[in-house]
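Examining the three-dimensional arrangement
Each chain, written out:
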Amino acid sequence: MPVITVNDGEAVFECRDGDNLLRAGLRAGVGLPYECGVGACGCCRGEVVEGQVDDLWPEAPGLSARDRRKGRVLTCQSRPQDDVRLHLQLDAHAVPVIRPLRRTVRLAAVRDVTHDIREFVFQADAPADFLPGQYAFLALPGVPRERAYSMANLPNEAGEWHFRIRRVAGGEATGTLFDHLAPGATAQLDGPYGLAHLRPDSPRDIVCIAGGSGLAPMLSVARGAAAHPALAGRRLDFFYGGRTPADVCGEAELASLPGYGAQVRYHAAVSDPAAAEAARWPGAVGPVHELVERTLGERLDAAEFYLAGPPPMVEALQQLLQVTHRIAPERIHFDRFF
Ligand code: FES
């Protein structure tokens with residue numbers, strides 16, 4: 001088994017057959033920096049100073065041509081051929097609270113959430129152990145590459161992993177999930193991963209902001225907050241941004257949480273004015289970040305933020321929170337998938 005040595009011995013771990021450097025390190029409890037795990041964000045960059053790795057995705061957007069010329073690699077896209085010595089900055093925040101594992105799961109149930117989002121419930125033989133807001137990789141039959149999906153439920157002894165997945169037009173993985181995978185089918189699940197999980201130690205009010213299939217991790221965070229004894233009675237504002245009224249979802253799930261309508265509030269915005277008018281949408285119209293700013297007012301400066309959604313939504317929120325309101329990055333939690 002290849003042995004990976006980081007920073008001349010600051011960490012040493014073995015890499016099992018088929019694993020990439022990032023996942024092998026996290027399985028060993030090493031704080032390798034990362035966010036997406038799929039080659040998109042560039043957070044896992046490092047330098048191979050000795051040994052050879054296979055580049056699993058030579059065109060990965062997380063690495064620039066300059067990075068490649070300098071011999072840098074993405075640990076999430078590198079599989080060692082033999083022992084490797086690696087240089088990168090370890091991150092104490094990335095040390096996994098729960099070490100990720102691969103397991104076989106069985107599709108137990110499916111349910112439509114909106115016209116293009118469906119909930120898939122996978123069943124494992126062992127308890128489903130993760131933190132609210134994290135994600136897992138699913139390897140689906142006949143689909144060459146794994147996909148990362150966030151859990152919508154809470155960790156549980158029953159071994160259930162709930163995913164809310166949006167159909168991607170022409171998408172290979174969602175085509176398989178929506179059109180070919182019947183209950184009883186098996187898949188491989190590897191997880192949990194992700195750093196944008198609920199922080200119960202924070203004394204601040206909680207704000208969850210979701211768009212698209214970002215609903216899943218934000219529901220998990222909201223459910224986790226509602227179930228955590230240290231957060232009982234804490235104010236939680238949940239925002240959802242959709243393009244049309246038909247895209248808006250999540251309110252029914254929030255309504256089942258204790259304190260709904262009092263300390264737990266749901267707010268939705270629709271960004272397409274023509275669609276809003278055609279459907280006589282009674283709520284807010286415009287980008288969700290504008291609704292966040294309008295609704296929270298001064299409370300915005302004293303909250304803990306969890307974000308998940310399409311890149312333009314997350315970028316607009318970063319601009320609002322970090323640039324306009326100077327909120328410290330430690331109070332804004334999201335995993336960058338772009
Ligand atoms: Fe490797 Fe995002 S974690 S590119």
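Structural notes, computed from the coordinates. The residue count restarts for each chain, going from 1 along the sequence in the order it is written. Thresholds applied to this predicted model are a pLDDT of at least 70 for local features of residues and 80 or more for the giving and counting of side-chain atom pairs; totals over whole chains, interfaces and linings are not thresholded and use all residues. Water and hydrogen atoms play no part in the side-chain values, which are based on all heavy atoms of the structure.

Attention now goes to the overall build of the protein. A tally of regular secondary structure across the protein gives eight helices and 19 strands. Note on method: radius of gyration uses C-alpha positions; expected globular size equals 2.2 Å times residues raised to 0.38. The globule rule puts the C-alpha radius of gyration for 338 residues at 20 Å, and the 20 Å found for the protein is close to it. When its C-alpha atoms are laid out on the principal axes, the protein stretches across 60 × 50 × 40 Å. A simple rule labels every residue: compare its accessible area, found with a 1.4 Å probe on the protein chains alone, to the largest value its type can have, and call it buried under 20%, exposed over 50%, or partly exposed in between. Within the protein, the fraction of its 338 residues that count as buried is 52%. Here, two residues are considered to be in contact whenever any of their heavy atoms come within 4.5 Å of each other. Counted over contacts in the protein with a minimum sequence separation of 6, partners at least 24 positions apart contribute 70%. Summed over all atoms, the accessible surface of the protein reaches about 15,200 Å², with 49% contributed by carbon and sulfur. When charges are counted, Lys and Arg are positive and Asp and Glu negative, with His and the chain ends excluded. Taken as the charge location is NZ of Lys, CZ of Arg, CG of Asp or CD of Glu. Counting 35 positive and 42 negative side-chain charges, the protein places the averaged centre of each group 2 Å from the other. In DSSP terms, a helix is any run of H or I states spanning at least four residues, a strand is any run of E spanning at least two, and both are numbered starting from the N terminus. Accessibility throughout is a Shrake-Rupley quantity obtained with a 1.4 Å probe, and a residue counts as covered only by protein chains that appear here.

Here the aromatic set is Phe, Tyr and Trp, taking the six-membered ring for Trp, and pairing holds for ring centres within 6.5 Å; pairs whose planes are under 30 degrees apart are stacked, those over 60 apart are edge-to-face, and all others are tilted. Per the counting criterion, the structure on display carries eight aromatic pairs. With 6.1 Å between their ring centres and 20° between their planes, Phe238 and Tyr266 make a pair best called stacked. Placement of Phe238 in strand β15 (residues 236-242) and of Tyr266 in strand β16 (residues 264-270) is noted, with a sequence separation of 28 residues between them. By the burial criterion, Phe238 is buried, and Tyr266 matches it.

So, about helix α7 (residues 288-296). Residues spaced three or four apart along an α-helix face the same direction, because each turn holds 3.6 residues. Restricting attention to buried positions, one finds in α7 the residues Val288, Leu291, Val292 and Leu296. All buried residues of α7 project into a common sector of 105° when viewed along the axis, lining one side. On its buried face, α7 is in contact with β14 (205-211), β15, β16, β17 (284-285), β18 (303-308) and α8 (311-324). With its phi angle positive at about 55°, Gly297 sits one or two positions after the end of α7. The arc in question is traced by the directions running from the helix axis to the C-beta atoms.

Note that all results are geometric; they support no functional claim without further evidence.
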